[in-house]
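# Observations on the model geometry
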Amino acid sequence: MNTPVLLTPPEAAQFLRTTPKTLSVWRSTGRHGIPFVKAGRKIWYDREALVRFLAKQTVNGDDQEAGA
(Lines give C-alpha, C1' and ligand atoms only; values in the text may rest on other atoms or scores of the structure.)
Protein backbone atom coordinates (compact mmCIF):
# COMPACT_ATOMS: atom_id res chain seq x y z
CA MET A 1 0.00 0.00 0.00
CA ASN A 2 1.33 3.42 -0.92
CA THR A 3 1.49 6.14 1.68
CA PRO A 4 -0.97 8.87 0.68
CA VAL A 5 0.33 12.33 -0.11
CA LEU A 6 -1.61 14.60 2.24
CA LEU A 7 -2.10 18.28 1.47
CA THR A 8 -3.09 21.04 3.85
CA PRO A 9 -6.17 23.12 2.92
CA PRO A 10 -4.02 25.92 1.42
CA GLU A 11 -2.04 23.36 -0.61
CA ALA A 12 -5.23 21.59 -1.72
CA ALA A 13 -6.82 24.91 -2.66
CA GLN A 14 -3.80 25.81 -4.75
CA PHE A 15 -3.93 22.39 -6.42
CA LEU A 16 -7.63 22.91 -7.25
CA ARG A 17 -7.09 26.58 -8.14
CA THR A 18 -9.58 27.78 -5.60
CA THR A 19 -9.32 29.30 -2.13
CA PRO A 20 -9.00 27.71 1.31
CA LYS A 21 -12.27 29.49 2.23
CA THR A 22 -14.06 27.75 -0.64
CA LEU A 23 -12.75 24.38 0.55
CA SER A 24 -13.97 25.21 4.05
CA VAL A 25 -17.45 25.94 2.72
CA TRP A 26 -17.45 22.73 0.67
CA ARG A 27 -16.41 20.74 3.78
CA SER A 28 -19.09 22.27 6.01
CA THR A 29 -21.89 21.90 3.44
CA GLY A 30 -20.80 18.56 2.01
CA ARG A 31 -20.79 20.09 -1.46
CA HIS A 32 -18.81 18.00 -3.96
CA GLY A 33 -18.11 15.32 -1.35
CA ILE A 34 -14.34 15.68 -1.49
CA PRO A 35 -12.99 13.36 1.23
CA PHE A 36 -10.69 14.82 3.84
CA VAL A 37 -8.87 13.67 6.96
CA LYS A 38 -9.54 15.44 10.25
CA ALA A 39 -7.49 14.93 13.40
CA GLY A 40 -8.43 17.43 16.07
CA ARG A 41 -8.31 20.80 14.35
CA LYS A 42 -6.00 19.62 11.57
CA ILE A 43 -7.42 18.99 8.09
CA TRP A 44 -5.67 17.23 5.20
CA TYR A 45 -6.68 16.19 1.70
CA ASP A 46 -5.38 13.10 -0.08
CA ARG A 47 -3.84 14.28 -3.36
CA GLU A 48 -5.20 11.23 -5.22
CA ALA A 49 -8.73 12.05 -4.00
CA LEU A 50 -8.32 15.54 -5.47
CA VAL A 51 -7.14 14.05 -8.77
CA ARG A 52 -10.23 11.79 -8.83
CA PHE A 53 -12.45 14.79 -8.02
CA LEU A 54 -11.02 16.73 -10.95
CA ALA A 55 -11.44 13.72 -13.25
CA LYS A 56 -15.14 13.52 -12.30
CA GLN A 57 -15.55 17.22 -13.08
CA THR A 58 -14.08 16.87 -16.56
CA VAL A 59 -16.64 17.42 -19.31
CA ASN A 60 -16.16 16.26 -22.89
CA GLY A 61 -17.59 18.33 -25.71
CA ASP A 62 -20.11 15.54 -26.36
CA ASP A 63 -21.34 15.66 -22.75
CA GLN A 64 -22.32 19.34 -22.81
CA GLU A 65 -25.94 20.31 -23.15
CA ALA A 66 -27.03 21.95 -26.40
CA GLY A 67 -26.79 25.70 -26.23
CA ALA A 68 -24.51 25.72 -23.19
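Okay, so let's go over this structure.

What counts and how
All chains use their own residue numbering, which begins from 1 and follows the written sequence. It should be noted that, the model being predicted, local features are given only for residues of pLDDT at least 70 and side-chain atom pairs only at 80 or more, the latter also being counted only at that level, while totals for whole chains, interfaces and linings use all residues. Calculated side-chain values reflect all of the structure's heavy atoms, with hydrogen atoms and water omitted. For Phe, Tyr and Trp, rings pair up if their centres lie within 6.5 Å, where Trp contributes its six-membered ring, and each pair is then called stacked (planes under 30 degrees apart), edge-to-face (over 60) or tilted (otherwise). Only DSSP runs of H or I with at least four residues qualify as helices, and only runs of E with at least two residues qualify as strands; both kinds are numbered from the N terminus onward. Note on exposure labels: buried denotes an accessible area under 20% of the residue type's maximum, exposed denotes more than 50%, and partly exposed covers the range between, all computed with a 1.4 Å probe on protein chains only. For a lysine, the NZ atom is tested; for an arginine, the CZ atom; a charge sits over a ring if that atom is within 6 Å of the ring centre and within 35 degrees of the ring normal. Lines are fitted to the C-alpha atoms to define the axes, a helix being fitted only along its stretch in contact, and any angle between axes, read from their N-to-C directions, falls within 0 to 180 degrees. Should an angle lie under 35 degrees it is considered roughly parallel, over 145 roughly antiparallel, and from 65 to 115 roughly perpendicular; all remaining angles are considered oblique. Two helices that cross are described as forming a left-handed crossing if the nearer one is turned anticlockwise from the farther one by less than a right angle, and a right-handed crossing if clockwise. The contact definition used throughout considers only heavy atoms, calling two residues in contact when any of these lie within 4.5 Å. Gly is placed with the polar residues, together with every amino acid not listed as nonpolar (Ala, Val, Leu, Ile, Met, Phe, Trp, Tyr, Cys and Pro) or charged (Asp, Glu, Lys and Arg). At least two DSSP bridges between two strands are needed for those strands to be called paired. Regarding the arc, it is the one traced by the directions from the helix axis to the C-beta atoms. Polar contacts, as used here, are pairs of N or O atoms within 3.5 Å; protein pairs need one atom able to donate a hydrogen and one able to accept it. Residues neighboring in sequence count only if both atoms are side-chain atoms.

Summed over the entire model, instances satisfying the criterion amount to two aromatic pairs. Ring geometry for Trp-26 against Phe-53: centres 6.1 Å apart, planes inclined by 55°, an arrangement best described as tilted. Taken together, the positions of Trp-26 in helix H2 (residues 20–29) and Phe-53 in helix H3 (residues 47–57) put the pair 27 residues apart, joining distant regions of the chain. Phe-53 matches Trp-26 in its accessibility class, with the two residues each being buried. Seen in terms of ring centroids, Phe-36 and Tyr-45 are 6.2 Å apart; in terms of plane orientation they differ by 50°. Their pairing is tilted. On the basis of relative accessibility, which here comes to 2%, the residue Tyr-45 falls in the buried class. The ring of Phe-36 is capped by Arg-27, whose NZ or CZ atom sits 5.8 Å from the centre of that ring.

A separate point is the packing of helix H1 (residues 9–16) against H3. Two elements in contact, H1 and H3, have axes separated by 11 Å at closest approach and are oriented at 30°. It follows from the interaxial angle that H1 and H3 lie roughly parallel. Between H1 and H3 lies a crossing whose hand is right-handed. Note on element contacts: H3 touches H1 through Arg-47, Leu-50, Val-51, Phe-53 and Leu-54, opposite Ala-12, Phe-15 and Leu-16. Of the residues belonging to the contact of H1 with H3, the class tally is seven nonpolar, no polar and one charged.

The next subject is the sheet that holds strand S2 (residues 37–39). Read across the open sheet, the three strands follow the order S1-S3-S2; overall the sheet is antiparallel. What marks the edges here is a single partner per strand, and that holds for strand S1 (6–7) and S2. Relative to strand S3 (residues 42–46), S1 is paired through two bridges, and the arrangement is antiparallel. Looking at S3, one finds that Leu-6 is bridged to Asp-46.

This part covers H3. Among all positions in H3, only Ala-49, Leu-50 and Phe-53 are buried. Projected onto a plane normal to the axis of H3, the buried residues spread over an arc of 100° and lie on a single side. One side-chain oxygen of the residue at the start of H3 lies 3.0 Å from the amide nitrogen of Glu-48, identifying that residue as Asp-46.

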